[in-house]
Amino acid sequence: MRNTVTDVLRRSFDITLANWPLILIRIAEAVVLTMICIVSGIVAIVPLLVSAGFSKDDISRTANPAEAVAALLVGHWMLLAYLILFVTFVAGLIMALHSFVQGGSAQIYVDAERGSGRASSPVDRSRFAAFRMDRWMLGGRKSWRSIFWIYNLGGSVGALIILIPLLLTIAAMVLLGDAQGKIIAGCAGLLLALLVLLPVGIIVSMWCEKAIAVTVARAASPRDSLRAAWAEMKADFGRHFAVAILITIAGFVLFGAMSALSFPMAMGSRNSNLPMLSLMFAPVQIAMTLIQGAVSAVSSALMLAAFVDLTEER
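In this report, we go over the structure that sits alongside the text. (Residues numbered from 1 in each chain as written. Predicted model: local features only at pLDDT ≥ 70, side-chain atom pairs only at ≥ 80, totals over all residues. Heavy atoms only, no water.)

Comments concerning the packing of helix H6 (residues 133-175) against helix H8 (residues 222-235)
Here H6 crosses H8 at 60 degrees, and the two axes come no closer than 9 Å. With respect to their mutual orientation, H6 and H8 come out oblique. As H6 runs across H8, the sense of the crossing is right-handed. Along its contact with H6, which presents Ser146, Trp149, Ile150, Leu153 and Gly154, the element H8 presents Pro222, Arg223, Ser225 and Leu226. (Axes fitted to C-alpha atoms, helices over the stretch in contact; angles between N-to-C directions. Helix = DSSP H or I, 4+ residues; strand = E, 2+ residues; numbered from the N terminus. Parallel < 35°, antiparallel > 145°, perpendicular 65-115°, else oblique. Left-handed = near helix turned anticlockwise from the far one by under 90°. Contact = heavy atoms within 4.5 Å.)

What follows is the structure in structure tokens.
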């Protein structure tokens, strides 16, 4: 018998709280990934652009900024090729680290599902506790490559779908002769692409999350996991969609509430006439930032736990 959406959310919430160290790992992951991006920009990208002579002032002083930019691009194509390769490497490294975290977390949630039974108890969450660092590491090592390719393959499919209205827009702008028609076609095409982006992004995100649960629970290959995930989502789309949307909305609401609470403090701390406000509000702003990070980590952990629960349900 299939559980209701409420049952799935309750059980995944219990599993997430019982394995709370995974939330701390996700927060640490966010810090590490942020540091990688900052260090990459400071150490590699910015110095290269400066040494190559990419200057905002040089471009703004020219009569034709577009030609100035084009000249810089042509004159430094080897540098641009290196930057593209470097950014691709950093993006791949970030995705690989995230895949490892997802693989280890999914392994713990699968262990929790299989070790606790299907009986539901809103009070005793200890039976869901399955976190062990060695199991987390094992799950990450075993499945990070599959998850890495799940993200790449699923994201590629989503990108191709989103490219369709953009290609149609480019074709329309080329075929239309007058400037006004090109502008109308361009605006309409961008609007259509944005309308397509939201549902496609949600579906692809659900698809990848489900495929991660499948590849960890069943040791399936990336393609088999994506294929099985798509088939199971189509057969039970209502529950998968409801779980994903409810968790996403709850995360956005909590994140927005924290932002709304911290906004007056941020505005007050920027008042140059009252420098003491910066010192007074700094601890609270730091606390709010940490809480927002925790909310994001809990939301991500809850989403994965829910899709593991839907996958392991018998």
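Brief notes about H8
In a regular helix each residue adds 1.5 Å, so 14 residues correspond to 20 Å; H8 covers 20 Å between its end C-alpha atoms and thus fits that length. Listed in full, the buried residues belonging to H8 are Pro222, Ser225, Leu226, Ala229 and Met233. The buried side chains of H8 occupy one side of the element, clustering within an arc of 95 degrees when seen end-on. In H8, the exposed positions angled more than 90 degrees off the buried face are occupied by Arg223, Arg227, Lys234 and Ala235. (Expected span 1.5 Å × (residues − 1). Buried < 20%, exposed > 50% of the residue type's maximum accessible area, 1.4 Å probe, protein only. Arc of directions from axis to C-beta.)

Here we look at the packing of aromatic side chains
In total, this model carries five aromatic pairs according to the counting rule given. On the numbers, 5.4 Å between centres and 70 degrees between planes, the contact of phenylalanine 100 with tryptophan 136 is edge-to-face. Of the two residues, phenylalanine 100 sits in helix H5 (residues 77-116) while tryptophan 136 sits in helix H6, which places them 36 residues apart along the sequence. By the burial criterion, phenylalanine 100 is buried, and tryptophan 136 matches it. For the pair phenylalanine 148 and tryptophan 149, a centre-to-centre distance of 5.5 Å together with 90 degrees between the ring planes defines the contact as edge-to-face. With a relative accessible area of 17%, phenylalanine 148 lands in the buried category. A connected cluster of aromatic rings, assembled from ring pairs, spans Trp144, Phe148 and Trp149. (Phe/Tyr/Trp six-rings, centres within 6.5 Å; stacked < 30°, edge-to-face > 60°.)

Re the layout of surface pockets
Roughly 530 Å³ of internal volume is contained in the largest pocket. Along the walls of the largest pocket sit 19 residues, with Ser205, Thr248, Ser299, Ser300 and Met303 positioned nearest its centre. When contributions to the lining of the largest pocket are tallied by element, the ones reaching two or more residues are H5, helix H7 (179-218), helix H9 (237-269) and helix H10 (275-312). With six residues, the top contributor of residues to the lining of the largest pocket is H9. For the lining of the largest pocket, the per-class residue count stands at nine nonpolar, eight polar and two charged. Of the voids in this model, the second largest pocket is the one considered here, and its volume is about 300 Å³. Every residue lining the second largest pocket is counted, 15 residues in all, and those nearest its centre are Arg26, Ile27, Ala30, Gly293 and Ser296. Those elements that place two or more of their residues in the lining of the second largest pocket are helix H2 (21-52) and H10. Ranked by the residues each element gives to the lining of the second largest pocket, the list is headed by H10, at eight residues. Considering only residue class, the lining of the second largest pocket consists of seven nonpolar, six polar and two charged. (1 Å grid on protein atoms, 1.4 Å probe; cavity = no way out; pocket = protein on both sides within 12 Å on 5 of 7 lines; lining within 4 Å. Points joined across faces, edges and corners; volume = space filled by probe spheres on them. Nonpolar A, V, L, I, M, F, W, Y, C, P; charged D, E, K, R; others polar.)

What about the environment of tyrosine 151?
One can find tyrosine 151 in helix H6. Separated by 75 residues in the primary sequence, tyrosine 151 and leucine 226 place their C-alpha atoms 9.9 Å from one another. Apart from the residues lying within four places of it in its own chain, the contact partners of tyrosine 151 are Met95, His98, Ser99, Gln102, Cys208 and Ile212. At 3.3 Å, the side chain of tyrosine 151 forms a polar contact with the side chain of histidine 98. (Polar contact = N/O pair within 3.5 Å; in protein donor to acceptor, adjacent residues only side chain to side chain.)

Here we look at the pattern of salt bridges
Per the counting criterion, the structure on display carries eleven salt bridges. In this structure, glutamate 312 engages arginine 114 in a salt bridge whose closest nitrogen and oxygen atoms are separated by 2.7 Å. Of this pair, glutamate 312 sits in helix H10 while arginine 114 sits in helix H5, placing them 198 residues apart in sequence. Look at glutamate 312 and you get buried, because its relative accessible area is 7%. Each of Arg11, Glu113 and Asp309 takes part in one network of salt bridges that share partners. (Salt bridge = Lys/Arg side-chain N within 4 Å of Asp/Glu carboxyl O.)

Re H7
Here H7 contains 40 residues, and its C-alpha end-to-end distance of 56 Å stays within 8% of the 58 Å for a straight helix at 1.5 Å per residue. Where H7 bends most, at leucine 197, the angle is about 25 degrees, and the proline proline 199 comes one to four residues later. Downstream of H7 by one or two residues, alanine 219 has phi in the positive range, about 55 degrees. (Bend = angle between axes of the 7 residues up to and from the residue.)

What about the nonpolar core?
If you look at the biggest cluster of nonpolar residues, it comprises 48 residues, and the most contacted ones within it are Tyr109, Trp136 and Val243. Mapped onto this core, the elements with two or more residues apiece are helix H1 (5-18), H2, H5, H6, H7, H8, H9 and H10. Of the residues forming this core, the biggest block, eleven residues, is contributed by H7. Not counting residues up to four positions away in its chain, the partners in contact with tyrosine 109 are Ile15, Thr16, Asn19, Leu22, Ala301, Leu304, Ala305 and Val308. The next biggest cluster of nonpolar side chains, apart from the first, holds five residues, and it includes Leu33, Ile36, Ala44 and Val90. (Core = buried A, V, L, I, M, F, W, Y, C linked by side-chain atoms within 4.5 Å.)

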